[in-house]
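# Residue-level structural notes
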Amino acid sequence: MTLERIHLPLSLLLLLLLSLLLQPGGCQIIIFGNETGVQRFWRLHKFQRQHMDPEHLTTNNTQYCNLMMKARNMTKGICKPVNTFIHEPKEIVDAVCQEANITCKNGQPNCHQSSLPLNLTHCRQTGASKYPNCQYRASYLTKQIIVACEGKVYVPVHFDAYV
């Protein structure tokens, strides 16, 4: 694909995003607390990129973590030591934010625990692997998750733990 073909769709996407984030009747960016709408968008996108994989539930693929960690940009510059992928539809994961509040590992009060166990793949960097050759071991689990939720449309922005 040529550079020109890439830039046009990307430019259109950015224009659409910016137009959605501008308040009607003014040219101010919407602010959520100390965070702009653009920052909030990227936090939501980061959670989905790093943790959501509803299409692939594979308990026998030894290369799953190696492939997914690279494909989801978690091996650029460093090897992310651990990551958990959730193999459930977005609606089910978003619904966790409607469960009762619990305290997050960092002490914040905006975490929520799923009432039911979900299908997960936990990826952990192997002891011998070093950047740029990041290698991971996969554990396939069915556990409850704890996520931090934020926003007017209250959705997960951080994976805190599984229990």
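Let me begin by describing the structure that accompanies this report. What you see is a predicted model, and the numbers here were worked out from it, not measured in a lab. (Residues numbered from 1 in each chain as written. Predicted model: local features only at pLDDT ≥ 70, side-chain atom pairs only at ≥ 80, totals over all residues. Heavy atoms only, no water.)

Counting 13 residues, the largest nonpolar core has Phe-47, Ile-86, Val-93, Leu-120, Ile-145, Val-147 and Phe-159 as its most contacted members. Only strand S6 (118-125) and strand S8 (145-150) provide two or more residues apiece to this core. The greatest single-element share of this core, amounting to 3 residues, is contributed by S8. When neighbours within four sequence positions are excluded, Ile-86 is seen to be in contact with Phe-47, His-51, Met-52, Asp-53, Pro-54, Val-93, Leu-118, Asn-119, Leu-120, Ile-145 and Phe-159. Formed by 10 residues, the second largest nonpolar core is a distinct cluster that contains Tyr-64, Met-68, Met-69 and Phe-85. (Core = buried A, V, L, I, M, F, W, Y, C linked by side-chain atoms within 4.5 Å. Buried < 20%, exposed > 50% of the residue type's maximum accessible area, 1.4 Å probe, protein only. Helix = DSSP H or I, 4+ residues; strand = E, 2+ residues; numbered from the N terminus. Contact = heavy atoms within 4.5 Å.)

A word on the pairing of S6. Pairing of strand S3 (residues 82-86) with S6, which is carried by 5 bridges, proceeds in the antiparallel orientation. Each residue of the ladder has a partner; that of Phe-85, found in S6, is Thr-121. Across 8 bridges, the pairing between S6 and strand S7 (residues 136-143) is antiparallel. Bridging across to S7, Leu-118 finds its partner in Lys-143. (Pairing = 2+ DSSP bridges.)

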